Amino acid sequence: MGAEYNGTRPTEAGERLAARLDAARARRAPALVLDGALGTELERRGVPSQLPLWSARALLAQPDAIAAIHRDYVAAGADALTANTFRTHRRSLAREGHGARAGELTRRAVALAREAARSAEREVFVLGSQAPLEDCYRPDLVPSDAALAREHAEQAEALAAAGVDAILVETMNAAREARAAAAAARATGVPFLASFACGEGARLLSGEPLEAGLDAVLRSAPAAVGVNCLPPGAVEACLPLLAATKRPFVVYPNLGAPDAAGGFCADGLFAPERFGALARSWLRAGAAAVGGCCGTRPAHVRALVGARAE
C-alpha cells in the first residue's frame, strides 16, 4: 500500500505535466521530450565532476555552467529540465563535508533549472532528480530499509519545498530502494516518475527482473514509469514490460559506461541522428516521453524533437 499524502498538493504545473503524460500515452498529444545529460556535459565543458559529488560539485564552484547547459537544452526543444539534484542528498555531500548544505544546494539546483525554464516562450517543466543514495551502478551498496526511508523522505521533501513540478525517482538499481524512494516522493503530494537502470534482458542492475521494480513503485501511483541510464540496445526488451503497466512510460538511455575516476566515459558511437532514429522505435512502442541520460548532449535532444515530429 502506498504512502499517504501529507496534506500538500501538486502545483498546477505538476498537474499539467501528469495530464500531458496521460495524453501522450493515449496518443491524444505528442510525447514529451526530456533534456539530456548534465554531469557528462559539465565534464565536456571543462567543469570538474569527480566522484563522490559528481555533478553537484558544480553547484559549489560553477553554477553558471549548470545554468548554461539548462538554457542549451531549452533552446534544443526540451519540454522538461531535470534539476542538478542527483547528488544533493545529505549522504553524498557529507563525504566532502557539505552534508548540512543539502537543502541549500537542492534549492540552488532547482532555482537554476527554473530560471532557464522561464526563459522559454513555451511551458518547460522542472523535475527534481531523486537518485540512489549510494553509487547508482552498485546495487550491493543499497543501505538499510530504515536509512532508505529516512533519507529519501528528507530529499523528497527538500525537492518539493524547492518547488519542482515533479520528482524524478531515477536510475533505481534495486526494487527495495525504488520502493522507498517512490513512497517518499508520493508522501510529498507532488507528482513523481519512477525510472530504473537496467542491464540486458530487462533486469535491474541488482539482477532482479524489471517487473519486480515496477511492482515496487506502482503501489505509490507514479505519474509515469521508465528506464534510464541503460545502453540503447537494452531498451527494446524493456518496452513490453513498461507498456504492460498501463501507465505512461519514459525512456532515456545513456551513451557510454561508468568510469571509476570521473563517473562516466562516453563512447561516442551514437551520433544524434542515430539516437533520434532509435527514439522513433520507442515512440512507436508507446513512450510518453523520451530523453537522454549520461553522454547525451543538446544535439541529441534536437534529434529527439525531430523524431517526435515524424
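Note that the structure is a prediction, hence the values are computed from the model and not measured.

What counts, and at which threshold
- Residues numbered from 1 in each chain as written.
- Predicted model: local features only at pLDDT ≥ 70, side-chain atom pairs only at ≥ 80, totals over all residues.
- Heavy atoms only, no water.
- Helix = DSSP H or I, 4+ residues; strand = E, 2+ residues; numbered from the N terminus.
- Rg over C-alpha atoms; globule rule 2.2 N^0.38 Å.
- Buried < 20%, exposed > 50% of the residue type's maximum accessible area, 1.4 Å probe, protein only.
- Contact = heavy atoms within 4.5 Å.
- Areas by Shrake-Rupley, 256 points an atom, 1.4 Å probe, with all protein chains shown as cover.
- Lys, Arg positive; Asp, Glu negative; His and termini not counted.
- Charge placed at Lys NZ, Arg CZ, Asp CG, Glu CD.
- Pairing = 2+ DSSP bridges.
- Axes fitted to C-alpha atoms, helices over the stretch in contact; angles between N-to-C directions.
- Parallel < 35°, antiparallel > 145°, perpendicular 65-115°, else oblique.
- Left-handed = near helix turned anticlockwise from the far one by under 90°.
- Nonpolar A, V, L, I, M, F, W, Y, C, P; charged D, E, K, R; others polar.
- Polar contact = N/O pair within 3.5 Å; in protein donor to acceptor, adjacent residues only side chain to side chain.

**Describing the overall build of the protein chain**
Here comes step 1: Of the regular secondary structure elements, the protein chain holds 12 helices and 10 strands.
Here comes step 2: In terms of overall dimensions, the protein chain is globule-like: its C-alpha atoms have a radius of gyration of 17 Å, near the 19 Å expected for 310 residues.
Here comes step 3: The principal-axis extents of the C-alpha atoms in the protein chain amount to approximately 50 × 45 × 40 Å.
Here comes step 4: Put simply, the protein chain has 310 residues, and 57% of those count as buried.
Here comes step 5: Counting only contacts in the protein chain whose residues sit at least 6 apart along the sequence, the fraction spanning at least 24 positions is 75%.
Here comes step 6: Total accessible area computed for the protein chain in this model is approximately 11900 Å², and 52% of it derives from carbon and sulfur atoms.
Here comes step 7: With 35 positive and 34 negative side-chain charges, the protein chain shows a spacing of 2 Å between the two charge centroids.

**Overview of the sheet that holds strand β10 (residues 289-290)**
Here comes step 1: The sheet built from 8 strands is open, its strands ordered β1-β10-β7-β6-β5-β4-β3-β2 with parallel pairing. Looking at which strands have only one partner, the edges of the open sheet turn out to be β1 (32-33) and β2 (80-83).
Here comes step 2: Note: strand β5 (residues 192-196) against strand β6 (residues 224-228), 4 bridges, orientation parallel. Note on β6: the bridge partner recorded for Phe196 is Val227.
Here comes step 3: Helix α1 (residues 12-25) contacts β1, β3 (125-130), β4 (166-172), β5, β6 and β10 of the sheet and is inclined by roughly 90° relative to β3.

**Describing the packing of helix α6 (residues 102-118) against helix α7 (residues 145-162)**
Here comes step 1: At a minimum axis distance of 9 Å, the contact between α6 and α7 shows a crossing angle of 45°. When the axis of α6 is compared with that of α7, the two are oblique. Judged by the twist between their axes, the crossing of α6 over α7 is right-handed. Taken together, the residues of α7 that come into contact with α6 (itself represented by Thr106, Arg107 and Val110) are Gln155, Ala158, Leu159 and Ala162.
Here comes step 2: A class-by-class count of the residues in the contact of α6 with α7 yields 4 nonpolar, 2 polar and 1 charged.

**So, unusual backbone geometry**
Here comes step 1: Along the chain, Leu51 connects to Pro52 via a cis peptide bond; the corresponding omega equals 10°.
Here comes step 2: Tracing the backbone through its elements, the reader meets Pro52 in the loop between α2 (39-44) and α3 (57-61).
Here comes step 3: Here Trp54, not a glycine, exhibits a phi torsion of approximately 55°, which is positive.
Here comes step 4: Examined against the element boundaries, Trp54 turns out to sit in the loop between α2 and α3.
Here comes step 5: Judged by relative accessible area, which is 9%, Trp54 ranks as buried.
Here comes step 6: A positive phi angle is found at Ala221, which is not glycine, with a value near 60°.
Here comes step 7: Within the fold, Ala221 resides in the loop between α9 (210-218) and β6.

**Some points on the side chain of Ser49**
Here comes step 1: Position of Ser49 relative to the elements: it lies in the loop between α2 and α3.
Here comes step 2: The exposure class of Ser49 is buried, given its relative accessible area of 2%.
Here comes step 3: At 3.3 Å, the side chain of Ser49 and the backbone oxygen of Val47 are in polar contact.

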